[in-house]
Amino acid sequence: MTHGNRRLDAVLILGAVALTLVPWYRIEGGFFGLGWLAGFPFSTEAAPGLLQTAFHGRWWLGAVVLILFLAGAARGMADPMRRGAVLAWAGATGVAFLALQGLAIGFTGWTWTVSESLFGALSDGQPSMGAGAVLASLVFVLMFAFGLAERGVMKGDAFVVSSISLLVFLVTVFVFYPIGSMFVGAVQDFDGSFNPDNFIRNLQDPSIWSLNCVIGAGRCGVAWRTLWLAIMTGLGSTLLGLAFALVATRTRFPFKKGLRLLTILPIITPPFVIGLALTLLFGRAGVVTQGLSDLFGIEPGRWLYGLTGIWIAQVLSFTPISFLVLIGVVEGVSPSMEEASTTLRADRWRTFRRVSLPLMAPGLANAFLIGFIESMADFGNPLVLGGSHGVLSTEIFFAVVGSQNDPSRAAVLAMVLLVFTLSAFLAQRVWLSGKNFATVTGKGDSGSHIALPRGLSIGVHAVVVPWILFTLVIYGMILIGGFVKTWGLDNSLTLDHYAKAFSIGFDNGIVWTGVAWNSFWTTMEISLIAAPLTAAVGLLTAYIIVRQKFAGRNAFEFALMMSFAIPGTVIGVSYIMAFNLPPLEMTGSALILIACFVFRNMPVGVRGGIAAMSQLDKSLDEASLTLRAGSFRTIRKVILPLLRPAITAALVYSFVRAITSISAVIFLVSAEYNMATAYIVGLVENGEYGVAIAYSSMLIVVMITVIGIFQRLVGERRLRRENRVAGVTAPAASSRQETIA
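Residues numbered from 1 in each chain as written. Predicted model: local features only at pLDDT ≥ 70, side-chain atom pairs only at ≥ 80, totals over all residues. Heavy atoms only, no water.

A. Geometry of the overall build of the protein. For the protein, the helix and strand inventory stands at 33 helices and 4 strands. The 741 residues of the protein split such that 51% are buried. Within the protein, residue pairs in contact and separated by at least 24 positions form 72% of the contacts whose partners lie at least 6 positions apart. (Helix = DSSP H or I, 4+ residues; strand = E, 2+ residues; numbered from the N terminus. Buried < 20%, exposed > 50% of the residue type's maximum accessible area, 1.4 Å probe, protein only. Contact = heavy atoms within 4.5 Å.)

B. Geometry of helix 25 (residues 568-578). The element helix 25 is largely enclosed, with a buried count of 9 among its 11 residues. For helix 25, the full list of buried residues reads G568, T569, V570, I571, G572, V573, S574, Y575 and A578.

C. Layout of the packing of helix 27 (residues 618-626) against helix 28 (residues 631-642). Contact pair helix 27 / helix 28: the axes reach a minimum separation of 10 Å and the direction vectors enclose 145 degrees. In this structure, helix 27 crosses over helix 28, and the sense of that crossing is right-handed. Between helix 27 and helix 28, the residues in contact are L620, D621, S624 and L625 and S631, T634, V638, I639 and L642, respectively. Split by residue class, the contact of helix 27 with helix 28 holds 5 nonpolar, 3 polar and 1 charged. (Axes fitted to C-alpha atoms, helices over the stretch in contact; angles between N-to-C directions. Left-handed = near helix turned anticlockwise from the far one by under 90°. Nonpolar A, V, L, I, M, F, W, Y, C, P; charged D, E, K, R; others polar.)

D. Spotlight on the pattern of salt bridges. In this structure the tally under the stated criterion is 8 salt bridges. When the shortest N-O distance is used, the salt bridge between R26 and E28 registers 3.3 Å. By relative accessible area, which is 26% here, R26 ends up partly exposed. A salt bridge links R409 to D205; the shortest N-O distance between them is 2.8 Å. One end of the pair, R409, is in helix 20 (residues 407-432); the other, D205, is in the loop between helix 8 (197-203) and helix 9 (206-209), and 204 residues separate them in sequence. A single burial state applies to R409 and to D205, both of which are buried. A single network of salt bridges, built from pairs that share partners, joins D205, E395 and R409. (Salt bridge = Lys/Arg side-chain N within 4 Å of Asp/Glu carboxyl O.)

E. Up close: empty space enclosed by the protein. Evaluated as defined, the whole model comprises 4 cavities of 30 Å³ or more. When its volume is computed, the largest cavity comes out at roughly 110 Å³. The greatest single-element share of the lining of the largest cavity, amounting to 4 residues, is contributed by helix 14 (residues 307-332). Partitioning the lining of the largest cavity into residue classes produces 9 nonpolar, 3 polar and no charged. (1 Å grid on protein atoms, 1.4 Å probe; cavity = no way out; pocket = protein on both sides within 12 Å on 5 of 7 lines; lining within 4 Å. Points joined across faces, edges and corners; volume = space filled by probe spheres on them.)

F. How the structure looks around the side chain of T634. By the secondary structure assignment, T634 is in helix 28. Using a relative accessible area of 1% as the deciding quantity, one classes T634 as buried. Filtering out sequence-adjacent residues up to four positions away, T634 remains in contact with D621, S624, L625, A629 and I639.

G. Spatial organisation of the packing of aromatic side chains. Scanning the model with the defined rule gives 31 aromatic pairs in all. Look at F520 and W521: their rings are 5.1 Å apart centre to centre, the planes differ by 75 degrees, and that puts the pair in the edge-to-face class. The exposure class assigned to W521 is partly exposed, which follows from its relative accessible area of 40%. The positively charged end of R7 is found above the aromatic ring belonging to F146, 5.5 Å away from the centroid. (Phe/Tyr/Trp six-rings, centres within 6.5 Å; stacked < 30°, edge-to-face > 60°. Lys NZ or Arg CZ within 6 Å of the ring centre and 35° of its normal.)

What follows is the structure in structure tokens.
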């Protein structure tokens with residue numbers, strides 16, 4: 001029996017299981033609750049696909065049976081080209097049919113008028129897809145991939161073809177389908193009928209596009225307000241990040257290790273905690289505000305609650321990320337080029353301006369893009385500090401969950417936000433395309449970077465040192481805020497906030513009596529599930545992009561990376577619109593949160609995997625393939641052991657992002673699955689700042705502990721890997737690189 005027949009047999013068996021042994025439709029209470037076993041297989045709710053076709057009036061599912069039967073008949077074909085063609089067509093037809101029937105038939109019957117005209121009215125509709133339908137979809141995707149492999153696509157490597165097919169399928173379902181549903185939902189009425197009136201009304205709303213601020217006649221529309229804030233945040237965080245990178249690499253600053261430690265803190269800090277700390281400092285009852293009032297009689301103002309306060313909070317939050325992007329770029333500028341410039345009698349300032357800075361252009365563009373997109377997607381800080389100056393992310397939130405209850409307005413605002421971020425993403429790619437910034441070649445380069453011009457060195461120190469002190473004060477306020485009874489009113493120290501959040505009782509065992517424990521354990525559980533899935537998908541995608549050549553590879557990479565440019569707020573709204581009704585209904589479940597985390601954070605794993613895999617010589621896996629090992633065995637035995645640091649870094653990043661994410665999560669949580677950040681937002685809205693800060697502090701401690709453990713593992717493994725592969729003994733200090741970046 002050939003490998004191809006064994007693979008096909010396994011897929012056909014899975015198809016038979018999907019039709020006969022598991023419920024076809026979604027089960028209330030969840031498939032893994034196993035409550036459906038009581039009515040299986042004859043009840044309407046729990047019947048498998050075959051019985052739904054035969055006894056419950058879902059005649060259209062008979063097409064699935066016929067397609068699987070056709071694929072089974074193809075197994076006996078001797079000609080692999082013909083067999084491959086039949087399998088590929090059967091798989092593609094099966095996926096297309098399942099998607100069309102799921103979209104066309106809802107709970108009460110046809111959802112499309114044209115379908116009813118062609119086939120007549122249905123006596124009954126169908127619920128959302130369940131375990132059987134999802135399994136059948138995966139079977140058809142694999143069948144399509146195996147068919148292409150039979151016909152010699154990707155040299156007949158079924159693993160590679162299957163991986164590409166599954167990734168395209170999953171990204172289509174969890175990225176492009178939700179975005180498409182959001183666009184469709186913008187022109188639909190509450191009953192699902194086409195009605196562009198609300199879309200046109202919201203698109204023409206002066207509160208979105210007003211330019212009265214330009215002529216001094218009023219306030220800017222929310223779209224221009226958000227765009228202006230994002231541009232200023234992108235510029236501010238990029239310039240500060242560059243200053244930090246220059247101080248860390250081109251000066252004798254004595255606290256470089258502490259500088260790098262500060263870059264980790266904002267990454268592991270819940271996104272609205274900076275806003276809370278600024279409120280404790282500069283709010284009407286803040287320390288600085290009250291001090292100025294007592295000393296100089298200055299009336300407490302509300303300047304913090306608006307775009308100024310949001311901008312300060314966002315620059316504080318996103319500057320460390322820009323620093324992590326730029327430090328490698330600054331270090332990567334070739335010293336020989338700078339030495340050549342000075343040899344030609346250019347002074348240090350001219351060398352920096354004409355040679356070093358232009359070579360940093362890709363890093364600066366990436367840092368600006370990250371700051372711009374993060375500002376656009378930021379929800380926590382505008383919620384805490386925005387006051388009456390809302391931005392697109394908060395306006396979308398209130399359109400969905402507020403008294404407006406206007407999904408069309410939320411969709412329009414999300415579309416505007418998406419247009420802004422994708423425009424920046426595309427503009428960056430166009431600007432950098434066709435330009436070469438390479439400075440690292442195969443030739444030795446043992447020179448050292450020239451010192452910064454004196455004026456520039458003084459300038460960056462004058463910016464960085466006060467900013468470090470300000471950041472330390474901010475985090476000091478976060479630490480102290482959880483131990484103060486009522487900030488500004490009663491500043492006596494207390495442990496009541498921590499006790500309320502994380503108290504423990506004993507009654508025939510441990511009882512988690514604190515109000516935060518439920519969301520804390522839910523957050524840990526979902527994050528620990530999502531992190532390895534995110535790392536696996538990201539690294540598999542990186543392997544395909546780096547190691548495989550196929551038509552459309554650039555489009556494949558661009559489509560996957562584009563999900564990075566989609567703000568979390570847009571993801572949240574689009575998931576609500578896509579997965580609240582058939583064919584896939586996941587709202588209120590843990591699955592929708594996991595899917596959101598995996599496909600929201602996947603691009604970072606992809607970029608990290610590409611960077612790490614590009615350093616591995618292709619001859620390693622070519623040797624394995626020459627010895628007749630398949631691609632899967634090569635990845636498992638050769639590639640993965642050499643990628644342990646990248647895997648660990650991807651796991652840590654995915655874990656941290658799942659815990660601290662808020663912009664998308666706020667739309668997707670439920671009473672049963674309430675994430676920590678959403679719970680903290682509820683505390684803030686109720687004015688329980690002490691408990692909110694106590695909870696945030698606990699999360700920071702947990703994440704620092706996890707990162708510390710992984711950082712140690714990464715350092716040791718990288719040292720052993722360098723000694724084993726490179727065959728040289730390197731000092732331990734030189735091999736312990738910053739892997740969390």
